[in-house]
Amino acid sequence: DAKTTQPNSMESNEEEPVHLPCNHSTISGTDYIHWYRQLPSQGPEYVIHGLTSNVNNRMASLAIAEDRKSSTLILHRATLRDAAVYYCIRGSNYKLTFGKGTLLTVNP
Amino acid sequence: DTAVSQTPKYLVTQMGNDKSIKCEQNLGHDTMYWYKQDSKKFLKIMFSYNNKELIINETVPNRFSPKSPDKAHLNLHINSLELGDSAVYFCASSQVTRHVTQYFGPGTRLTVL
């Protein structure tokens, strides 16, 4: 039970922003929200994580709703290399429970 | 300077055989993991070791035995391989003081014939 809900797939155009949503309505106060992605034929790759505040790093931004029941991963300018399955995970120490994720297709 | 490496990348074997997959990390992390990704692409944790001690064992058949000779290595040994063991196996590592940022290896595709 991944305990998060994501769309099965999304499509974007190259160099446009992408907003990947995630619902985690039963999240506890101590659970972090993590995003990983898996490029074709590769292992999962850490993208970003946060607890309550919005977070930015060189790969993406994470916007967390005030009630923490949902979050959005933002890729500011999608590239073809961003085509992957994106996983939103409620994490506690040591254990990541992956769901089905969102398959992001980036069109040239 | 690969952070998490696995060998072999591909493994094809017959039912009933015993095989091992090796994993090494050079990140100085003290926690290592094994995940299984089946044909439907679900990624599930199997084991986690912290400082060579088992801390997570997710209802994995006892044909699977992880072995951690030191903090940098976590090997997976599988006895009496079955068709259902065919999958991609990923090793990962993390630093316990950082909140679950895990670094994954490239995976080992196991095919049982």
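Refer to the structure above for everything that follows.
Colleague: Mind showing me how you'd approach the overall build of chain B here?
Modeller: A count of helical and extended segments in chain B gives 0 helices and 11 strands. Ordered by position from the N terminus, the helices and strands of chain B form the series β-β-β-β-β-β-β-β-β-β-β. Rg of the C-alpha trace for chain B: 13 Å, near the compact-globule value of 13 Å for 113 residues, within the 12% margin. C-alpha extents for chain B along the principal axes are approximately 40 × 30 × 25 Å. Per-residue burial over chain B gives 46% buried out of 113 residues. Surface accessibility of chain B: about 5700 Å² in total, with carbon and sulfur atoms responsible for 49%. Of the side chains in chain B, 13 bear a positive and 10 a negative charge, and the two mean positions are spaced by 5 Å.

Colleague: Whenever I open this one, the interface of chain A and chain B confuses me. Can you help?
Modeller: The extent of an interface is frequently quoted as the accessible surface area lost upon association of the parts. At the interface, 19 residues of chain A touch 21 residues of chain B. Of the roughly 1700 Å² buried where chain A meets chain B, counting both sides, 60% is carbon and sulfur surface. The tally of links between chain A and chain B comes to 0 salt bridges. Connecting chain A to chain B are 2 residue pairs in polar contact (both at pLDDT 80 or more). Only β3 (32-38), β4 (45-50) and β8 (84-91) of chain A provide two or more residues apiece to the side of chain A that touches chain B. With 4 residues, the single largest contributor to the side of chain A that touches chain B is β3 of chain A. Here the residues of the side of chain A that touches chain B are counted per class, giving 8 nonpolar, 9 polar and 2 charged.

Colleague: I keep staring at the sheet that holds strand β6 (residues 61-64) of chain A and nothing clicks. Help me out?
Modeller: Strands in a sheet are paired, the pairing made by backbone hydrogen bonds, and the direction either parallel or antiparallel. All names here are of chain A. The strand order β2-β7-β6-β5 describes an open sheet built from 4 strands, whose pairing is antiparallel. Both edges of this open sheet fall to β2 (18-23) and β5 (55-56), since each of them pairs with a single strand only. As defined by bridge partners, β2 adjoins strand β7 (residues 70-75) across 6 bridges and the pair is classed as antiparallel. Opposite N23, over in β7, you have S70 as the bridge partner.

Cut-offs applied
Residues numbered from 1 in each chain as written. Chains lettered and ligands numbered in written order. Predicted model: local features only at pLDDT ≥ 70, side-chain atom pairs only at ≥ 80, totals over all residues. Heavy atoms only, no water. Helix = DSSP H or I, 4+ residues; strand = E, 2+ residues; numbered from the N terminus. Rg over C-alpha atoms; globule rule 2.2 N^0.38 Å. Buried < 20%, exposed > 50% of the residue type's maximum accessible area, 1.4 Å probe, protein only. Areas by Shrake-Rupley, 256 points an atom, 1.4 Å probe, with all protein chains shown as cover. Lys, Arg positive; Asp, Glu negative; His and termini not counted. Charge placed at Lys NZ, Arg CZ, Asp CG, Glu CD. Contact = heavy atoms within 4.5 Å. Buried area = accessible area lost by both parts, 1.4 Å probe. Salt bridge = Lys/Arg side-chain N within 4 Å of Asp/Glu carboxyl O. Polar contact = N/O pair within 3.5 Å; in protein donor to acceptor, adjacent residues only side chain to side chain. Nonpolar A, V, L, I, M, F, W, Y, C, P; charged D, E, K, R; others polar. Pairing = 2+ DSSP bridges.

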